[in-house]
Amino acid sequence: MKPKVHEHQKTNFKGVSKKIFLLFLLISVTVYSQQKGLVAEKAMVVSAREEASKIGVDIIKKGGNAFDAMVATQLALAVAYPYAGNISGGGFMVYRKANGDVGSLDFREKAPQKASKNMYQDKNGNVIPQLSTNGALSVGIPGSVAGIFEVHKKFGKLPLAALFQPSIDLAEKGIVVTEKEKAKLDEYRAVIVKISGDKTLYNKTFQVGDTIKYLALANTLKEILKNGKDEFYKGNTAKKLVSFLKQKGGIITLKDLADYKVVWRKPIIFRYKELNIISMAPPSSGGITLAQIMKMIEPYDVSKFGYNSPHYIQLLVEAERRAYADRNYFLGDPDFVKIPQKQLLNDTYLKDRMKSFSFDKATSSADVSHGNVSVYESMETTHYSIVDSEGNAVAVTTTVNDAYGSKLYCDELGFFLNDQMDDFSSKPGVPNLYGLVGAEANSIAPKKRMLSSMTPTIVEKNGQLLMLLGSPGGSTIITSVLQTILNVYEFKMTMQQAVDAPRFHNQWLPDDIMVEPNKFDKTTLENLMSKGYNINEKFAPVLGKVDAILVQPDRKLEGGADFRGDDKAAGF
Ligand code: GLY
């Protein structure tokens, strides 16, 4: 029998709902800076800098496709965003063509031939601080130039000159310093000068509104355009680079550069409820870890828990804890180590992993298997998302690892060198700066690729493109991508709301929930603490910086450009 509802109870209920609704509205307004991002009918690029997004979109306007725009955007970020954009680092591209074909390109850096397992340890076996993060010895063999040439060779439509020229012009015209960039330049100036010498371009206090011209970089780009990929890997640029690195104590040789090769890899593809998710395979840990977390939370009615509620945070954290424990133990360069990929993604295995989880109490990371070894990953990387007017989608995450890479700026060639060697475990077993715990699978070996967390990801629904996204943030990339997908799918946010929404993160060790400071409800955090969770608001002032595109039900594109940076969407 249906319970009888008295009129006054109905009224009360309505009153309560109204209050809850108003409260929700108030929270939404406070939490989200903007309801919707840029909406465009045909094509869009979202990246860390407006100049780069515009250059990418102009290429599509001129008849280029998303792959042409990838080349142009990667080059433009190398000019406009030296903090992470590059021709001297590496990255991963995941694509979905308009006809539904998917694939991915690995242009990750590699360890030089002279690299060795203990190269960052002293004779007592202790890790020498900063040897793997600052200066010439931290540099991995760059993959970005090989990456853009490979993408162009396989899928490009426009001539390379059309893709290079806008960035050459931009470098000659110069980049205007923003407030956020000034803050970063001020923060890193001393160490850049210490590593690169006081004659470096960066030994100057730039003010907001100043224009920095990159004439040496413009010249390097012209040489690469004139002589092709070999200019960077075998030609004059290669010779200058090797001699510069040698003089600074580096070990990369001309043979290392000449031998560098990109790899087309099969992406990680998995289902989450109605979604089909396509992400990056090893040597990125992104795809497998994202898949493990999403498969572990799939049996739950996530949307019913409520956005950033205690139950929601608990569920994600417990799945993350278990997935990162596996990540750090099993994953590495698939060309060097055997990864039990099938088993790690097996439904029964993942169900078993969650058997020890209860909403009553936090699991201790000490009780989740595999530990004793450690890896540090930096927070600085950049992601861009592209959809062209034919419907091709390209998601690229690229990096020089730390902010301004190794802080070693080659003034003659006009770029910072990466410090990607630091993404290897310098010494399994020792906790590092960010406390990520890794293993033998990611130890250093000549020609090996270092494990990454970069997670360029494409989401399909009903066989059609729904969303593409990615983020910087080292180990926090994966959980930033995860929460952004869930924000759209489970909590029905717009793309812009989804990228701006506050984020949290757990990576097994340290056994903390990192949360963006002052963004989470106090009672929610108290509830979690009462169940045994450690809340860390200090470590993570920024968790990820997501740049994404959503295909709306009317087939228009909505950009999500993260408010945490100078990120911008451009489209038409
Ligand atoms: N260097 C950051 C990453 O590859 O995840």
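- If you look the protein chain up in an unreviewed UniProt entry, it shows as Glutathione hydrolase proenzyme from Flavobacterium sangjuense.
- What UniProt records for the protein chain under Subunit (unreviewed entry) is the sentence "This enzyme consists of two polypeptide chains, which are synthesized in precursor form from a single polypeptide."
- Listed under Pathway (unreviewed entry) in UniProt, the entry text for the protein chain is "Sulfur metabolism; glutathione metabolism."

### What to know about the overall build of the protein chain
(1) Moving on: Secondary structure assignment for the protein chain yields 18 helices and 21 strands.
(2) Moving on: Taking 25 Å as the expected radius of gyration for a compact globule of 572 residues, we find that the protein chain reaches 23 Å, a close match to that expectation.
(3) Moving on: When the backbone C-alpha atoms are referred to their principal axes, the protein chain occupies close to 85 × 60 × 45 Å.
(4) Moving on: Expressed as a percentage of the 572 residues in the protein chain, the buried residues total 62%.
(5) Moving on: Within the protein chain, residue pairs in contact and separated by at least 24 positions form 75% of the contacts whose partners lie at least 6 positions apart.
(6) Moving on: Here the protein chain has roughly 22300 Å² of accessible surface; of this, 54% comes from carbon and sulfur atoms.
(7) Moving on: Measuring between centres, the 73 positive side-chain charges of the protein chain sit 2 Å from its 62 negative side-chain charges.

### Remarks on the site of the ligand
(1) Moving on: Neighbouring the ligand are nine residues, the closest being Asn401, Gln420, Asp423, Ser452 and Ser453.
(2) Moving on: At a separation of 2.7 Å, an oxygen atom of the ligand approaches a polar side-chain atom of Ser452.
(3) Moving on: Note that an oxygen atom of the ligand is positioned 2.8 Å from one of the backbone N or O atoms of Ser453.
(4) Moving on: Contact with the protein chains covers 100% of the free accessible surface of the ligand, which is 190 Å².
(5) Moving on: Grouping the amino acids of the shell around the ligand by side-chain chemistry returns one nonpolar, five polar and three charged.

### Side note on helix α2 (residues 50-61)
(1) Moving on: Given a rise of 1.5 Å per residue, 12 residues ought to cover 16 Å, and the 16 Å separating the end C-alpha atoms of α2 matches this to within 8%.
(2) Moving on: Every buried residue of α2 is listed here: Ala52, Ser53, Ile55, Gly56, Val57, Ile59 and Ile60.
(3) Moving on: Residue Gly63 follows α2 closely and has a positive phi angle near 105°.

### Digging into the sheet that holds strand β18 (residues 535-536)
(1) Moving on: Taken together, three strands build an open sheet; the order of strands is β16-β17-β18 and the sheet is mixed. Only two strands of the sheet have a single partner each, and these edge strands are β16 (504-505) and β18.
(2) Moving on: The pairing of β16 with strand β17 (residues 513-515) spans two bridges and is classified as antiparallel. When the bridges of β17 are listed, His505 appears paired with Met514.

### Focus on the side chain of Arg265
(1) Moving on: Note that Arg265 resides in strand β7 (residues 263-265).
(2) Moving on: There is a polar contact of 2.8 Å between the side chain of Arg265 and the side chain of Asp106.
(3) Moving on: Ignoring sequence-local partners within four residues, the contact set of Arg265 consists of Gly103, Ser104, Asp106, Met280, Pro282, Pro283, Asp333, Pro334, Asp335 and Arg449.

### Observations concerning the pairing of strand β4 (residues 102-106)
(1) Moving on: Burial analysis of β4 places four of its five residues in the buried class, which makes it a mostly covered element.
(2) Moving on: One ladder, built from five bridges, connects strand β3 (residues 90-96) with β4; its direction is antiparallel. Residue pairing across strands places Tyr95 opposite Gly103, the latter belonging to β4.
(3) Moving on: Sheet topology note: the β4/β7 ladder contains three bridges and is antiparallel. Pairing of Ser104 across the sheet is with Arg265, part of β7.

### Some thoughts on the sheet that holds strand β1 (residues 39-40)
(1) Moving on: Taken in spatial order, the seven strands of this open sheet run β1-β20-β19-β15-β14-β9-β8, and their pairing is antiparallel. Every interior strand has two partners, whereas the edge strands, β1 and β8 (268-272), have only one.
(2) Moving on: For β1 and strand β20 (residues 557-561), the ladder comprises two bridges, and the chain directions are antiparallel. Among the inter-strand pairings, Ala40 is bridged to a residue of β20, identified as Leu557.
(3) Moving on: The strands that helix α11 (residues 286-297) touches are β8, β9 (275-279) and β14 (457-461); relative to β8, the one it contacts most, it runs at about 15°.
(4) Moving on: Helix-sheet contacts for helix α16 (residues 476-489) involve β8, β9, β14, β15 (464-469) and β19 (547-551), and the interaxial angle to β15 is about 140°.

Each value, and the rule that gives it
Residues numbered from 1 in each chain as written. Predicted model: local features only at pLDDT ≥ 70, side-chain atom pairs only at ≥ 80, totals over all residues. Heavy atoms only, no water. UniProt positions renumbered as here; feature names shortened; annotations may be inferred. Helix = DSSP H or I, 4+ residues; strand = E, 2+ residues; numbered from the N terminus. Rg over C-alpha atoms; globule rule 2.2 N^0.38 Å. Buried < 20%, exposed > 50% of the residue type's maximum accessible area, 1.4 Å probe, protein only. Contact = heavy atoms within 4.5 Å. Areas by Shrake-Rupley, 256 points an atom, 1.4 Å probe, with all protein chains shown as cover. Lys, Arg positive; Asp, Glu negative; His and termini not counted. Charge placed at Lys NZ, Arg CZ, Asp CG, Glu CD. Near = heavy atom within 4 Å. Polar contact = N/O pair within 3.5 Å; in protein donor to acceptor, adjacent residues only side chain to side chain. Nonpolar A, V, L, I, M, F, W, Y, C, P; charged D, E, K, R; others polar. Expected span 1.5 Å × (residues − 1). Pairing = 2+ DSSP bridges. Axes fitted to C-alpha atoms, helices over the stretch in contact; angles between N-to-C directions.

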